[in-house]
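Spelled out, the chains give:
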Amino acid sequence: MSIALHYSFRKIDYEKFCDDNEIPKESVEQVYLKACDLIKFPDWLMRLKNLTHINISCNAIENVPVDINTLENLNYLDLSDNQLMELPPTFFELVQLKYLDLSGNYLDCIVPAIKNFKNLELLNFDRNFLMEIPQELTQCTKIFQLSFDECSRLFTLPKNLFTMPMLVSASFRGCNLITIPAVVASNLCHLSLFGNQLLNCVPHDIYIKFIPATTSASDFYMIDEDNLNNLHDARTEFITNSSNSINHITLPNGNIANLPQDLTKLFYSNSSSSIVSLRELCMRKIMSNNQLKSDLEYLPYNLRSIIAHPTAICQCRSLIFAEAHSVFFYEKINRNPFLSIVKFFCSFNCLSTFCEENKKKIVVIA
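Residues numbered from 1 in each chain as written. Predicted model: local features only at pLDDT ≥ 70, side-chain atom pairs only at ≥ 80, totals over all residues. Heavy atoms only, no water.

Peer 1: I'm lost on the nonpolar core in this one. Help?
Peer 2: What tends to happen in soluble globular proteins is that the nonpolar side chains get buried as a cluster. Formed by 61 residues in total, the largest nonpolar core has its most connected members in Phe 91, Phe 148, Phe 162 and Phe 172. When neighbours within four sequence positions are excluded, Phe 148 is seen to be in contact with Ile 110, Leu 123, Phe 125, Asp 126, Leu 130, Ile 133, Leu 137, Leu 154, Ser 171, Phe 172, Arg 173 and Cys 175. In this structure, Ala 312, Phe 345, Phe 348 and Cys 355 belong to the second largest nonpolar core, which totals 14 residues. (Core = buried A, V, L, I, M, F, W, Y, C linked by side-chain atoms within 4.5 Å. Buried < 20%, exposed > 50% of the residue type's maximum accessible area, 1.4 Å probe, protein only. Contact = heavy atoms within 4.5 Å.)

Next up, the structure:
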C-alpha cells in the first residue's frame, strides 16, 4: 500500500505526524505542500525514504537541506515559486529525477554537476537570474522539454543545445538572447523565442524549420517600412564600415545586428574570387568524411570543439565554421512589419543562387 499526502501544512501538528505510530513512513510516496506558508524545507520529509513525488511550490523556502540526497527514489520535484538562491552540491545526487521545476526562484547559475541528472526528462528554470547555461546540461540526454522563459540575464546558449537527442520542445520567451545555436536536431519541433529583443541573427536551419510557421515578425529585430527607402543609399556605408574580424554590424537605422559568436570573417565582395581560407576548407572536409568524423577524439581539443559545433549550415547543407559569404535582407511575413534576416553561405555560388531565387526580397547584399 502506498500513501499520498495532500494537505495544508498549517493545519498539521508535524511533531505528532512524525510519531512512528501515526503513518508508516515507508508507505508515503507522494507529498503535496503547495502554498502552505512554509519558510523552510520540513525536516520530517527527510524521514520518508520512499518518496517519489514532492510538490512544495509557492512557499517562501530559502534553502534546500543538505541531506536531500537521502531521498534516493525521488523522481518528481516541484520547488517553483520559492526564494532559493543556491542549491547544495548534494542536490545533484538525486539521479532518479525525471521532472524538476525550479521556476520562479533567485538562482543565478546552473553548476556543471547538472550532468548527473541522466534520467531527467523535463526541466523548468523560468523566471530565474541565470546568466548562462552550462555545456554539461547537454549530457542529460533524456530531456525532451526545456523551459527558460523570462530569464532576462540570459544572453547565450550552449552551441549544441538544440542537438540533444530527445529534445522536442524548448522555450526561451522573454530572455535577452543575442545569438542562438545554428544546428537543430530533427526531433526538435517546438522552439519559442518570443520577446528576445536583441535577437536579430537567425541561423539558416532555425529560419527554415521554425520561423515561417511559428513566429511573428515582432519576435526579432524590426524596422519600419519607412526606413526601407534609405536602405539602398546606406548600402555603401554598410559595407565600408564592416571589417573582416567582427562580431556585429551596424544596420542602416543605427541598430546593431549581432553575428554568431564563432563567425570571424565575412566576405562582402560579389566576385567569385572571394574564397574561404584553407583552414575553413579543412574543417568542412573533415565533417564530410565519415572516417575522420569518427576519429574526432584524436584531434586537439580546441579544434575538436570548433568542428563539433558549426556556426551555420548553407542552403546546400554544407557546414560553415568561421568564414562565410552573407546576405542581409528584409522580408515581410503576412501583414506584419519587415523581419530582418542575415543568412550565411559556404560559397559565392550558393549566395548567387539564393539571391537569384529571392531577388524580390533582397535589399542589401553584404
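Peer 1: Help me understand a nonpolar patch on the surface in this model?
Peer 2: Taken together, the side chains of Met 85, Tyr 106 and Phe 129 present a nonpolar region at the surface, about 310 Å² in accessible area. By secondary structure assignment, the location of Tyr 106 is in the loop between β5 (99–101) and β6 (122–124). (Patch = residues over 30% accessible without salt bridge, like charges linked within 9 Å, V, L, I, M, F, W, Y side chains within 5 Å. Areas by Shrake-Rupley, 256 points an atom, 1.4 Å probe, with all protein chains shown as cover. Salt bridge = Lys/Arg side-chain N within 4 Å of Asp/Glu carboxyl O. Helix = DSSP H or I, 4+ residues; strand = E, 2+ residues; numbered from the N terminus.)

Peer 1: Quick question: what am I supposed to make of the packing of aromatic side chains here?
Peer 2: Remark: the centre distance and the inter-plane angle together describe each pair of aromatic rings, the angle taken between the planes. A full pass over the atoms with the stated rule returns nine aromatic pairs. Between the aromatic rings of Tyr 106 and Phe 129, the centroid separation amounts to 5.8 Å while the plane-to-plane angle is 45°, which identifies the pairing as tilted. Here Phe 129 lies in the loop between β6 and β7 (145–147) and Tyr 106 lies in the loop between β5 and β6, a separation of 23 residues in the sequence. Measuring from ring centre to ring centre gives 5.7 Å for Phe 148 and Phe 172, while their planes differ by 5°; the resulting arrangement is stacked. Here the residue Phe 148 occupies a position in the loop between β7 and β8 (169–171), and Phe 172 occupies one in the loop between β8 and β9 (190–192), the gap between them amounting to 24 residues. Given the relative accessible area of 0%, Phe 172 is considered buried. (Phe/Tyr/Trp six-rings, centres within 6.5 Å; stacked < 30°, edge-to-face > 60°.)

Peer 1: So what exactly am I meant to see when it comes to the pattern of salt bridges here?
Peer 2: Side chains carrying opposite charge are able to pair once their charged atoms draw close together. A complete count under the given rule lists two salt bridges for this structure. Here Lys 40 ties to Asp 43 by a salt bridge, and the two come within 3.3 Å at their closest N and O atoms. Note on Lys 40: relative accessible area 46%, which makes it partly exposed. The partner of Asp 81 in a salt bridge is Arg 127, with the nearest N and O atoms 3.0 Å apart.

Peer 1: I tried to follow the side chain of Thr 138 on my own but got confused; where do I start?
Peer 2: Tracing the sequence through the fold places Thr 138 in the loop between β6 and β7. Polar side-chain contacts of Thr 138 include one of 2.6 Å to the backbone oxygen of Gln 135. Excluding residues within four positions of it along the chain, Thr 138 makes contact with Asn 160, Leu 161 and Met 164. (Polar contact = N/O pair within 3.5 Å; in protein donor to acceptor, adjacent residues only side chain to side chain.)

Peer 1: Is there a simple way to explain the confidence of the model for the chain in this structure?
Peer 2: Fine structural detail should not be taken from predicted coordinates in areas where pLDDT scores are low. Overall, the prediction assigns the chain a mean pLDDT of 75, with 61% of residues at 70 or greater. Note on residues 213–246: pLDDT is under 50 here. Beyond four places in sequence and across chains, it has 66 contacts. (pLDDT = per-residue confidence, 0-100.)

Peer 1: In this structure, what is going on with the state of the cysteines? I would like to understand it.
Peer 2: What is meant by a disulfide is a covalent connection between two cysteines, made through their sulfur atoms. Applying the stated criterion across every chain yields a total of zero disulfides. Cys 58 provides the cysteine sulfur closest to Cys 36, a residue in no disulfide bond, and the two sulfurs are 9.9 Å apart. Lacking any disulfide linkage, Cys 314 is separated from the closest cysteine sulfur, that of Cys 350, by 3.7 Å. (Disulfide = S-S within 2.5 Å.)

Peer 1: Even after reading the chapter, I still don't get the side chain of Thr 90, so can you show me in this structure?
Peer 2: Looking at the element boundaries, Thr 90 is found in the loop between β4 (76–78) and β5. According to the relative accessible area criterion, Thr 90 is buried, its value standing at 16%. Sequence-distant contacts of Thr 90, that is, excluding residues within four places in its chain, are made with Pro 65, Val 66, Ile 68 and Asn 69.

Peer 1: Mind showing me how you'd approach helix α8 (residues 348–357) here?
Peer 2: Residue pairs three or four apart in sequence face the same way in an α-helix, which turns once every 3.6 residues. Residues of α8 that are buried include every one of Phe 348, Cys 350, Leu 351, Phe 354 and Cys 355, and no others. Seen end-on, α8 carries its buried residues on one side only, within an arc spanning 160°. Seen from the buried face of α8, the exposed residues on the opposite side, beyond 90 degrees, are Asn 349, Glu 356 and Glu 357. (Arc of directions from axis to C-beta.)

Peer 1: How should the environment of Thr 353 be read in this particular structure?
Peer 2: Residue position: Thr 353 is located in helix α8. Given the relative accessible area of 38%, Thr 353 is considered partly exposed. It is 9.7 Å that separates the C-alpha atoms of Thr 353 and Gln 315, two residues lying 38 residues apart in sequence. In this structure the side chain of Thr 353 is engaged in a polar contact, spanning 2.9 Å, whose partner is the backbone oxygen of Asn 349.

Peer 1: Which parts of the structure should I look at to understand unusual backbone geometry?
Peer 2: The general pattern is negative phi for most residues beyond glycine and trans for most peptide bonds. Phi is positive for Ala 35, close to 55°, though the residue is something other than glycine. As for its position among the elements, Ala 35 is in the loop between β2 (28–32) and β3 (53–55).

Peer 1: What is the right way to look at the environment of Ile 320 in this model?
Peer 2: Residue placement: Ile 320 occurs in strand β15 (residues 319–320). Along the backbone, Ile 320 and Cys 346 are 26 residues apart, and their C-alpha atoms lie at a distance of 6.2 Å.

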